[in-house]
Amino acid sequence: MYEGVVQDLIDELGRLPGVGPKSAQRIAFHLLGSDPADIKRLVDVLNAVAAGVQFCEVCGTVSEQERCRICRDPRRDPAMICVVEEPKDVLAIERTREFKGRYHVLGGALDPLSGVGPDQLRIRELLSRISSDEVSEVIIATDPNTEGEATATYLVRMLRDFPNLTVTRLASGLPMGGDLEFADELTLGRAFSGRRQV
Ligand code: ZN
């Protein structure tokens, strides 16, 4: 245990995901030796996050404006919607350069044991997008794990109400049990181009 604020810093860093006690200590001492201007930039960003991050009113991803860059881009095909769990999945799919449509971020996956049901996800928003826009294909790209599979199954059932809609899922080959973002670009790109109708 260190005294005072140094230990507080290590404790706070250690609460971050993926940061163990040793990393927390290393980062803390890195910050202690940093230029005050660097620390101020970090503090400013954290303050901005604490003040609230804006989400796109259409797709739900992190955005600087009411509509995100992708939803504002007229070159992106509005007839195709790729459904993902989290904003980080949008980035993972963008990195593959396979997709030229738009996204819909659910904000998580169905997980009844943790109290996450359909009402906690942006499913109603998805259905109203499909009803009002000219959407021809919905690509379900939830994570390849139990919650992601359950969410995909639920969505497929809900989307049966739209007779002219093609619903596809990413091809298998993604590492099971993980996050979309853990798949390398090539694997994710292949799973995307090899998506199959469900
Ligand atoms: Zn958007």
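What you see is a predicted model; the values in this text were computed from it and never measured.

1. Here's the deal with the packing of aromatic side chains
Turning to step 1, where the next piece is worked out: By the definition in use, this model includes three aromatic pairs.
Turning to step 2, where the next piece is worked out: For the pair Tyr2 and Phe29, a centre-to-centre distance of 5.3 Å together with 65° between the ring planes defines the contact as edge-to-face. Residue Tyr2 is found in the segment before helix 1 (5-14), and its partner Phe29 is found in helix 2 (residues 21-32); the two are separated by 27 residues along the sequence.
Turning to step 3, where the next piece is worked out: A relative accessible area of 37% means that Tyr2 is categorised as partly exposed.
Turning to step 4, where the next piece is worked out: Ring plane angle 75° and centroid distance 5.2 Å describe the contact between Phe99 and Tyr103, whose orientation is recorded as edge-to-face.
Turning to step 5, where the next piece is worked out: Its relative accessible area of 3% is what places Phe99 among the buried residues.
Turning to step 6, where the next piece is worked out: Three or more aromatic residues joined by ring pairs form one cluster here, namely Phe99, Tyr103 and Phe192.

2. Concerning the pattern of salt bridges
Turning to step 1, where the next piece is worked out: What the rule picks out here adds up to eleven salt bridges.
Turning to step 2, where the next piece is worked out: Across the salt bridge formed by Asp119 and Arg124, the nearest N and O atoms sit 4.0 Å from each other. Comparing Asp119 with Arg124, the two get one shared label, exposed.
Turning to step 3, where the next piece is worked out: Between Arg169 and Glu149 there is a salt bridge, and its shortest N-O distance comes to 3.1 Å.

About the criteria used
- Residues numbered from 1 in each chain as written.
- Predicted model: local features only at pLDDT ≥ 70, side-chain atom pairs only at ≥ 80, totals over all residues.
- Heavy atoms only, no water.
- Phe/Tyr/Trp six-rings, centres within 6.5 Å; stacked < 30°, edge-to-face > 60°.
- Helix = DSSP H or I, 4+ residues; strand = E, 2+ residues; numbered from the N terminus.
- Buried < 20%, exposed > 50% of the residue type's maximum accessible area, 1.4 Å probe, protein only.
- Salt bridge = Lys/Arg side-chain N within 4 Å of Asp/Glu carboxyl O.

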